[in-house]
Amino acid sequence: MSVKPLVAGNWKMNPEAGNFVELASQILEEISKIEGVTKVVCPPSVALREVSNALEGSHVLVGAQDGHPEASGAITGEVAMGMLSSVCTYVIVGHSERRAMFGETDEYVARKAVSAIASGLSPILCIGESLDVRDAGDALSYVHDQLVASLDGVDNPETLVIGYEPVWAIGTGVSARPDVAGEMAESIRSTLTGLYGGEAALNVPILYGGSVSPENIGPYIDRPHINGALVGGASLKPSDFGRIVSLVASIRG
Ligand code: 13P
């Protein structure tokens, strides 16, 4: 597998105290010397510029947590992908929290992915099934359909990243079994191969997300089609995040 591993920290709406630069600097201290892994932090949009400035010159990249597909207009409260591209490199699209809380559909997520790529950003496209879907035995086909629909209009996957985050594993402390996540990653790779051909599909990093910790990351990264992690809670703890990045580097770097 030629794709470079990637670990992204999704800070979500944290830290409450707003000490974004302090957190970024502490994370930088932990991970700046680790090589062989693409390292990304995704702070709230208000902090993108300051975190980006604080990390300048390091090999830690910045991502936004969302962006709007339109280029500009009367859309109160939103930030266009093109506007984000001056302050960051990545953008998360289709996170399950946005799908659940803000009613984002696959079609809308696909427009975001298309707009992100057109703006020069790398979309981290999140997909994943609910517990009901998993219990019904439909997880593989559900995620296949969700992925295909969320990539509608994406012709070139060169900068694409996929985050497989089973909804039931997010923030629950109940991570997916590595063999379950590995099976899904293999299925995602096969869907990507069907859409873009084998070579292009192999270059798309597939991340596992959902209660990732330094204690459980190893077996995920051992799976052939899992190329990294999308980390929520543990990304707010610099030493935990540092250990995760370091373990990914030692296994895959
Ligand atoms: P947790 O690592 O807190 O479960 O969050 C995962 C996530 O949603 C990352 O995008």
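So, a few notes on the structure that sits alongside this text.

### Let's talk about the overall build of the protein chain
The helix and strand inventory of the protein chain stands at 11 helices and eight strands. For the protein chain, whose C-alpha radius of gyration is 17 Å, the value lies close to the compact-globule estimate of 18 Å for 253 residues. Principal axes of the C-alpha set define a box for the protein chain whose edges measure 45 × 45 × 35 Å. Of all 253 residues assigned to the protein chain, the portion counted as buried reaches 52%.

### Let's talk about the sheet that holds strand 3 (residues 60-64)
Strand order in this closed barrel of eight strands is 1-2-3-4-5-6-7-8, and the pairing throughout is parallel. Taken over all neighbouring pairs, the strand axes of this sheet differ in orientation by 25 degrees on average, direction set aside. The pairing of strand 3 with strand 4 (residues 90-93) spans two bridges and is parallel. Paired with Ala64 across the strands is Val91, a residue of strand 4. Its contacts with the sheet place helix 7 (residues 139-150) against strand 5 (122-127) and strand 6 (161-164), and it is angled at close to 150 degrees to strand 5. Across the sheet, helix 11 (residues 238-252) is in contact with strand 1 (6-10), strand 2 (38-42) and strand 8 (228-231); its angle to strand 1 comes to roughly 165 degrees.

### Describing the pattern of salt bridges
The final tally for this structure, using the stated rule, is 11 salt bridges. Arg98 is the salt-bridge partner of Asp66, the closest N and O atoms lying 3.0 Å from each other. Of this pair, Asp66 sits in the loop between strand 3 and helix 3 (81-84) while Arg98 is found in helix 4 (residues 96-101), placing the two residues 32 residues apart along the sequence. The exposure class of Asp66 is buried, given its relative accessible area of 17%. Residues Lys112 and Asp66 are paired through a salt bridge, measuring 2.6 Å at the closest nitrogen-oxygen approach. You can see Lys112 sitting in helix 5 (residues 106-118) and its partner Asp66 sitting in the loop between strand 3 and helix 3, a full 46 residues away along the chain. Note on accessibility: Lys112 and Asp66 belong to one class, buried. Through salt bridges that share partners, Asp66, Arg98, Glu104 and Lys112 make up one connected network.

### What to know about the site of the ligand
Close to the ligand lie 13 residues; Lys12, His95, Gly171, Ser211 and Gly233 are nearest. The side chain of Lys12 places a nitrogen or oxygen atom 2.8 Å from an oxygen atom of the ligand. One of the side-chain nitrogen or oxygen atoms of His95 is found 2.8 Å away from an oxygen atom of the ligand. The protein chains hide 94% of the 300 Å² of surface that the ligand would expose on its own. Of the residues that constitute the shell around the ligand, the class distribution is four nonpolar, seven polar and two charged.

### Thoughts on the packing of aromatic side chains
Summed over the entire model, instances satisfying the criterion amount to two aromatic pairs. Ring centres of Tyr208 and Tyr220 lie 4.2 Å apart, and the angle between their planes is 10 degrees; on these two criteria the pair is classed as stacked. Highlighted residues: Tyr208 in strand 7 (residues 206-209) and Tyr220 in helix 10 (residues 217-221), separated in sequence by 12 residues. Among the residues examined, Tyr208 registers a relative accessible area of 1% and is labelled buried. For Tyr220, a relative accessible area of 1% corresponds to the buried category. Of the aromatic side chains, those joined through ring pairs into one cluster are Tyr164, Tyr208 and Tyr220. The ring of Phe102 carries the charged tip of Arg98 above its face, separated from the ring centre by 4.2 Å.

### Some thoughts on helix 5
Counted at 1.5 Å a residue, the expected span for helix 5 with its 13 residues is 18 Å, and the 18 Å between its end C-alpha atoms agrees. In the segment just after helix 5, Gly120 is the residue with positive phi, at about 85 degrees.

Reading guide: rules and limits
- Residues numbered from 1 in each chain as written.
- Predicted model: local features only at pLDDT ≥ 70, side-chain atom pairs only at ≥ 80, totals over all residues.
- Heavy atoms only, no water.
- Helix = DSSP H or I, 4+ residues; strand = E, 2+ residues; numbered from the N terminus.
- Rg over C-alpha atoms; globule rule 2.2 N^0.38 Å.
- Buried < 20%, exposed > 50% of the residue type's maximum accessible area, 1.4 Å probe, protein only.
- Pairing = 2+ DSSP bridges.
- Axes fitted to C-alpha atoms, helices over the stretch in contact; angles between N-to-C directions.
- Contact = heavy atoms within 4.5 Å.
- Salt bridge = Lys/Arg side-chain N within 4 Å of Asp/Glu carboxyl O.
- Near = heavy atom within 4 Å.
- Polar contact = N/O pair within 3.5 Å; in protein donor to acceptor, adjacent residues only side chain to side chain.
- Areas by Shrake-Rupley, 256 points an atom, 1.4 Å probe, with all protein chains shown as cover.
- Nonpolar A, V, L, I, M, F, W, Y, C, P; charged D, E, K, R; others polar.
- Phe/Tyr/Trp six-rings, centres within 6.5 Å; stacked < 30°, edge-to-face > 60°.
- Lys NZ or Arg CZ within 6 Å of the ring centre and 35° of its normal.
- Expected span 1.5 Å × (residues − 1).

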